[in-house]
Amino acid sequence: MVTDHAPIDTPPRAPSPVHGFGTLAVHVGSDHDPKTGAVIAPISLSTTFAQSAVGQPVGAYEYARSSNPNRDNFEQCIAALEKAKHALAFSSGSASTAIILQSLAAGSHVISVSDVYGGTHRYFTQVASAHGVKVTFTPSIENDIQQLATPETKLIWIETPSNPTLSLVDIRAVADIAHRSGILVVVDNTFLSPYIQNPLDHGADIVTHSVTKYINGHSDVIMGVCAFNSDPLYERLKFLQNAIGAVPSPFDCWLAHRGVKTLHLRVREASKNALMVAQALEESVHVISVNYPGSASHRHRKVALKQHRDGLGGGMLSFRIKGGKAAAEQFCQATQIFTLAESLGGVESLVEVPASMTHMGIPKDQREAAGVYDDLVRLSCGVEEGTDLVKDVRQALEKVVVSLKVTNGVANGNGHA
Ligand SMILES: Cc1ncc(COP(=O)(O)O)c(C=O)c1O
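Residues numbered from 1 in each chain as written. Predicted model: local features only at pLDDT ≥ 70, side-chain atom pairs only at ≥ 80, totals over all residues.

K.L.:
Please clarify how the site of the ligand should be interpreted in this entry.
P.N.:
For the ligand, the set of nearby residues contains 15 residues, the closest of which are Ser-92, Gly-93, Ser-94, Tyr-117 and Ser-210. Of all the secondary-structure elements, those providing two or more residues to the shell around the ligand are helix 3 (93-102) and helix 4 (118-127). Of the residues in the shell around the ligand, the class split is 3 nonpolar, 10 polar and 2 charged. (Near = placed C-beta within 6 Å. Helix = DSSP H or I, 4+ residues; strand = E, 2+ residues; numbered from the N terminus. Nonpolar A, V, L, I, M, F, W, Y, C, P; charged D, E, K, R; others polar.)

This is the structure in structure tokens:
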């Protein structure tokens, strides 16, 4: 690898938390109001804060774009859950991605896994390139970094599990190689949430989330957050948070903070449900293949056992259905509990066809090279009863098979409509 960067000196980690995940989720950033004793923080809507003399604010705040009590509370909680020193919240997961990319100088080079969220792919190829940052995609990042890195490479972008094929990347293996050349490693941890995976523990330098998904968990907030340990990174990203101004509202911060307090309960339940659904799909004759990192059969199961809490697979899975694009689309309309909709990570189960929806913007050849075929269906398992979800998936598969037989019958002139 040709690089001239100094190796990264990993800054000291924040002290290990005394309390477990659930306790931290409920209590960090949730101090009682010192004035009223309110157990739940009020929503602080003020955009500006009084000063007792010029340049001397009465309290810790001046102007709400720079900081706000509800955002601070939320950021503290996420820092604790990701075992990070710092966290910064943004107006969306995409804004978090954008700010991280904006922190790079023009002329920088990024190496990314191919199988990223469609919006991340769009940002990398259509926005980052406009400010002089070039991104190279690879389907096998653990093997390719050394060949792909140049002296300009500043960042590695990993999504693990990836969206929507649920491929896993060994974060430590990538970080070890990247750090030797002073390259930072970013992990998008949206699919698992900090309950299942803490990428900084495996050598990542920045972890980023679409809070819109598991962290908020109730499909009613668009928001993002990133967390990290380095003080210089904090200075740079905090500056951009304020300068670019892609900040979340106090109400959204308050809602997301409320949501994250039950993250551990929701994600445990969603993982249990997803495993049940994955097993039912694996047994079905109507299914070509199933991608679920919680299954013993998953191609990267060893990585899951190494990186995920208790080897949990999370609430997301995808599968290829027999019958092509038409079958995939019909399946989504045949489910009764899974709602046909984009997004994921909420308490309610959702279903979609990535090739025609979330990943439509990626050219077909690139999509298929990453395993995103037209017959791939993505499921986000919620916290309903697992047995109901299994029944729903089974009845939808049956309906699709019957409907395709009928259609083929007509098309083939067999006449049994
Ligand atoms: C893995 C992943 N990262 C980032 C994003 C972007 O997040 P947002 O929609 O909050 O901008 C998404 C959205 O679906 C996602 O799935």
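K.L.:
Got a minute to help me understand unusual backbone geometry in this structure?
P.N.:
What you tend to see is this: most non-glycine residues have negative phi, and most peptide bonds are trans. The linkage connecting Thr-160 with the following residue, Pro-161, adopts the cis geometry, with an omega of 0°. Each neighbour pair has its own omega, and for Asn-163 with Pro-164 the value is 10°, a cis peptide bond. For Pro-164, the location among the structural elements is in the loop between strand 6 (153-159) and helix 6 (171-180). One non-glycine residue, Ser-219, lies in positive phi territory at about 50°. Secondary-structure assignment places Ser-219 in the loop between strand 8 (206-210) and strand 9 (224-228).

K.L.:
Mind showing me how you'd approach the UniProt feature "modified residue: N6-(pyridoxal phosphate)lysine" (unreviewed entry) in the protein chain here?
P.N.:
UniProt records the feature "modified residue: N6-(pyridoxal phosphate)lysine" (unreviewed entry) for Lys-213 in the present numbering. Mapped onto the elements, Lys-213 comes out in the loop between strand 8 and strand 9. With residues near it in sequence (within four places) discarded, Lys-213 still touches Thr-190, Ser-343, Leu-344 and Gly-345. (UniProt positions renumbered as here; feature names shortened; annotations may be inferred. Contact = placed C-beta atoms within 7 Å.)

K.L.:
Teacher, can you tell me more about the pairing of strand 4 (residues 109-113) here?
P.N.:
A regular strand carries its side chains on alternate faces of the sheet. In terms of residue burial, strand 4 counts as a mostly covered element, since 4 of its 5 residues are buried. Taken together, the 5 bridges between strand 4 and strand 5 (residues 134-138) define a ladder with parallel strand orientation. Bridging from a neighbouring strand, His-109 pairs with Lys-134 of strand 5. The parallel pair strand 4 and strand 5, bridged by helix 4, forms a crossover whose chirality is right-handed. Where strand 4 meets strand 6, 4 bridges bridge the pair, whose relative direction is parallel. Bridging from a neighbouring strand, Val-110 pairs with Leu-155 of strand 6. (Buried ≥ 20, exposed ≤ 12 C-beta atoms within 10 Å, placed from the backbone. Pairing = 2+ DSSP bridges. Right-handed = clockwise from strand over helix to strand, strands pointing away.)

K.L.:
Teacher, can you tell me more about the sheet that holds strand 5 here?
P.N.:
Either a parallel or an antiparallel arrangement is found when strands of a sheet pair, and the pairing is made through backbone hydrogen bonds. A sheet is described by the order of its strands in space; here 7 strands give the open sequence 3-9-8-7-6-4-5, paired in mixed fashion. Single-partner strands in this sheet number two, and they are strand 3 (86-90) and strand 5. This sheet shows a mean twist of 20° between the axes of neighbouring strands, independent of strand direction. Relative to strand 9, strand 8 is paired through 5 bridges, and the arrangement is antiparallel. Residue pairing across strands places Ile-206 opposite Phe-228, the latter belonging to strand 9. The strands that helix 2 (residues 69-81) touches are strand 3 and strand 9; relative to strand 3, the one it contacts most, it runs at about 130°. (Axes fitted to C-alpha atoms, helices over the stretch in contact; angles between N-to-C directions.)

K.L.:
I tried to follow the domain arrangement of the protein chain on my own but got confused; where do I start?
P.N.:
Many structure descriptions define interface size as the accessible area lost when the parts assemble. For the protein chain, the domain assignment lists domain 1 (21-260) and domain 2 (264-411). The gap between the C-alpha centroids of domain 1 and domain 2 is 27 Å. On the side of domain 2, 34 residues touch domain 1, which itself brings 30 residues to the contact. Elements represented by at least two residues in the side of domain 1 that touches domain 2 include exactly helix 1 (21-27), helix 4 and helix 7 (193-196). Within the side of domain 1 that touches domain 2, the residues separate by chemical class into 13 nonpolar, 13 polar and 4 charged. (Domains from an automatic or database assignment.)

K.L.:
Any chance you could explain the confidence of the model for the protein chain here in plain terms?
P.N.:
Low-confidence regions, as indicated by low pLDDT, have predicted coordinates that should not be scrutinised in detail. Here the protein chain averages 93 in pLDDT, and 94% of its residues register 70 or above. The low-confidence segment residues 409-417, where pLDDT is below 50, has 6 contacts with residues more than four positions distant or belonging to other chains. (pLDDT = per-residue confidence, 0-100.)

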